[in-house]
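# Fold and geometry: a report
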Amino acid sequence: MATALLTLIGKPGCHLCDDARELVTDVVRTLDGTPGAPEMAIEERSILDDAALSDLYLEDIPVLMINGKVHNYWRIDPDRLRTALLAVK
């Protein structure tokens, strides 16, 4: 079975990060058990805890990665995320 690791990069107190977290969690919840959907896990990383992430993404948070590749910056589109997750092989 395919696996999708969703990494949400942000920081505490970021309202866009809070919105992204809620949306990603909702999409994962709705896809859970859907035929063809991968096993999914969500991890969060803070730019305040990682200087390299801060250098890369300070102006772009929140950033959502799927299996280590950037999927989206700033605002996450739920339909685009669903489509991307169902395409994970």
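Everything numeric in this text was worked out from a predicted model, so none of it was measured.

## Observations regarding the overall build of the protein
Within the protein, the regular secondary structure consists of three helices and four strands. Along the protein, helices and strands appear, N-terminal first, in the series β-α-β-α-β-β-α. Compactness check: the protein gives a C-alpha radius of gyration of 13 Å against a globular reference of 12 Å for 89 residues, within 12% of the reference. Principal-axis analysis of the C-alpha atoms gives the protein an extent of 40 × 20 × 15 Å. The buried share of the protein, taken over its 89 residues, is 42%. Counted over contacts in the protein with a minimum sequence separation of 6, partners at least 24 positions apart contribute 64%. Of the roughly 5,400 Å² of accessible surface on the protein, a fraction of 52% belongs to carbon and sulfur atoms.

## Observations concerning helix α1 (residues 15-31)
Here α1 contains 17 residues, and its C-alpha end-to-end distance of 25 Å stays within 8% of the 24 Å for a straight helix at 1.5 Å per residue. Taken residue by residue, α1 has L16, C17, A20, V24, V27, V28 and L31 as its buried positions. Buried residues along α1 cover an arc of 95° about the axis, so they all sit on one side. Within α1, the exposed residues directed more than 90 degrees away from the buried face are H15, E22 and R29.

## Observations concerning the state of the cysteines
As enumerated under the stated definition, the model contains one disulfide in all. Bridging C14 to C17, the disulfide has an S-S length of 2.5 Å. Note on the C14 and C17 pair: the S-S dihedral is about 75°, so by sign convention the disulfide is right-handed.

## Overview of the pairing of strand β2 (residues 39-46)
Relative to β2, strand β1 (residues 3-10) is paired through eight bridges, and the arrangement is parallel. Following the sheet pairing, A4 is matched in β2 by M40.

The rules behind these values
- In every chain, residue numbers begin from 1 and rise along the written sequence.
- Given that this is a predicted model, residues contribute local features only at a pLDDT of at least 70 and side-chain atom pairs are listed and counted only at 80 or more, while totals for whole chains, interfaces and linings are drawn from all residues.
- To get the side-chain values, all heavy atoms of the structure are used, and hydrogens and water are removed first.
- Numbering of helices and strands runs from the N terminus; a helix is a DSSP stretch of H or I covering at least four residues, while a strand is a stretch of E covering at least two.
- Our radius of gyration looks at C-alpha atoms and nothing else; its globule reference is 2.2 Å times the residue count to the power 0.38.
- Throughout, exposure labels follow a simple rule: accessible area from a 1.4 Å probe, protein chains only, divided by the maximum for the residue type, with under 20% read as buried, over 50% as exposed, and the rest as partly exposed.
- Note on contacts: a residue pair qualifies if any of its non-hydrogen atoms lie within 4.5 Å across the two residues.
- For every accessible area listed, the method is Shrake-Rupley and the probe measures 1.4 Å; residues are considered covered only by the protein chains on display.
- The span you would expect from a helix comes to 1.5 Å times its residue count less one.
- Here, the arc refers to the directions that run from the helix axis to the C-beta atoms.
- Note on terminology: pairs of cysteine sulfur atoms within 2.5 Å are recorded as disulfides.
- Here, any two strands with at least 2 DSSP bridges between them count as paired.

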